[in-house]
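The chain contents come next:
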Amino acid sequence: MRSMQVVMLTLCLLGGLYLLTQAPAFFMPARGNPALAHYFSPGASRLLGGALLAMAAAGVLYMRAMYYRARRQLPGPREQRGYFALLVVALALFAAALGVAEPGANPEYRPPLDAR
């Protein structure tokens, strides 16, 4: 289980750093209808990168407290408030990125051959 947590932490960290530093503009297709998409501008891309880095920071704090401390103990109120603050920041950044992203038609969508 710990190896899966490390993989997810690494993906959040690398993905967040990439989105924050490179800020690529991209289309994210809708789940129900791939013909529709949200256009993430470089600013929205940076917001997503910040959200992923906040999630990675929360993961690092949790793993440090639960696995890499001499005594394994549940986090106290101070640490729990820190986790909560990081998660609220991450959710706020995700919501801001989705709010900034413009919905529209997906230019990369090609309908299936039988639907043409």
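Residues numbered from 1 in each chain as written. Predicted model: local features only at pLDDT ≥ 70, side-chain atom pairs only at ≥ 80, totals over all residues. Heavy atoms only, no water.

K.L.:
Lay out the sheet that holds strand β1 (residues 26-29) in plain terms, naming residues and giving numbers.
P.N.:
Strand order across the open sheet formed by three strands is β1-β2-β3, with antiparallel pairing between neighbours. Sheet topology places β1 and β3 (102-105) at the edges, where each strand pairs with a single neighbour. Strand-to-strand, the axes of this sheet are offset by a mean angle of 40 degrees, without reference to chain direction. Judged from the four bridges that link them, β1 and strand β2 (residues 36-40) form a sheet pairing that is antiparallel. When the sheet's bridge partners are listed, Phe26 is paired in β2 with Phe40. (Pairing = 2+ DSSP bridges. Helix = DSSP H or I, 4+ residues; strand = E, 2+ residues; numbered from the N terminus. Axes fitted to C-alpha atoms, helices over the stretch in contact; angles between N-to-C directions.)

K.L.:
Residues and numbers for a nonpolar patch on the surface, please.
P.N.:
The grouping of Met1, Met4, Val7, Met8 and Leu11 at the surface amounts to a nonpolar patch, some 560 Å² of accessible area in total. Within the fold, Met8 resides in helix α1 (residues 2-22). (Patch = residues over 30% accessible without salt bridge, like charges linked within 9 Å, V, L, I, M, F, W, Y side chains within 5 Å. Areas by Shrake-Rupley, 256 points an atom, 1.4 Å probe, with all protein chains shown as cover. Salt bridge = Lys/Arg side-chain N within 4 Å of Asp/Glu carboxyl O.)

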